[in-house]
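# Descriptive structure summary
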Amino acid sequence: MDILRQARSHLSQDLQLKALIDRVELDYQWRPEQQGDVYFRLLRAISGQQVSVKAAEAIHQRFLNLFEDQYPHAQQVLEMDAATLRSAGLSRQKVAYVQ
């Protein structure tokens, strides 16, 4: 069981927290190798701003799919045209932020 599932299980022992946890969707696609990658986490936070959890995950995955190895290397992001980044679901403002 991964760490997010363990945390959910542990915290769900409290009935008040369990009621809240049951209403919130957690991202179980956590990647340990990217946990310490501040750049990657910043890009994920930008792509998920002001949208639902499901929409944020879909946009972020489409964003990652733009890159051959599923990782948005800074130079590749800078060189990518705005229309391509927008095709992943990023707003004009978010494209400006990530570039």
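Structure shown above.
Residues numbered from 1 in each chain as written. Predicted model: local features only at pLDDT ≥ 70, side-chain atom pairs only at ≥ 80, totals over all residues. Heavy atoms only, no water.

### Describing the nonpolar core
- Counting residues in each nonpolar core, the largest one holds 15 residues, and the members touching the most others are Phe63, Phe67, Val77, Leu85, Leu90 and Val98.
- Every element with two or more residues in this core is listed here: helix 3 (38–47), helix 4 (53–65) and helix 7 (92–98).
- Beyond its immediate sequence surroundings of up to four residues, Val77 is in contact with Tyr39, Phe63, Phe67, Pro72, Leu85, Val98 and Gln99. (Core = buried A, V, L, I, M, F, W, Y, C linked by side-chain atoms within 4.5 Å. Buried < 20%, exposed > 50% of the residue type's maximum accessible area, 1.4 Å probe, protein only. Helix = DSSP H or I, 4+ residues; strand = E, 2+ residues; numbered from the N terminus. Contact = heavy atoms within 4.5 Å.)

### Looking at a nonpolar patch on the surface
- Among the surface-exposed residues, Leu11, Leu17, Leu20 and Val24 lie close enough to one another that they form a single nonpolar patch of about 300 Å² accessible area.
- Tracing the sequence through the fold places Leu17 in helix 2 (residues 15–21). (Patch = residues over 30% accessible without salt bridge, like charges linked within 9 Å, V, L, I, M, F, W, Y side chains within 5 Å. Areas by Shrake-Rupley, 256 points an atom, 1.4 Å probe, with all protein chains shown as cover. Salt bridge = Lys/Arg side-chain N within 4 Å of Asp/Glu carboxyl O.)

### Describing the pattern of salt bridges
- Counted by the stated rule, this structure contains three salt bridges.
- Across the pair Arg8 and Asp22 runs a salt bridge, and its minimum N-O distance is 3.5 Å. Of this pair, Arg8 sits in helix 1 (residues 3–11) while Asp22 is found in the loop between helix 2 and helix 3, placing the two residues 14 residues apart along the sequence.
- Residue classification places Arg8 among the partly exposed positions, given a relative accessible area of 23%.
- Owing to a relative accessible area of 44%, Asp22 belongs among the partly exposed residues under this scheme.
- In this structure, Arg44 and Glu57 form a salt bridge, with 2.4 Å as the shortest nitrogen-oxygen distance. Note that Arg44 is positioned in helix 3 and Glu57 in helix 4, a separation of 13 residues in sequence.
- Judged by relative accessible area, which is 24%, Arg44 ranks as partly exposed.
- With relative accessibility at 19%, the residue Glu57 sits in the buried group.
- In this structure, a network of salt bridges that share partners links the residues Arg8, Lys18 and Asp22.

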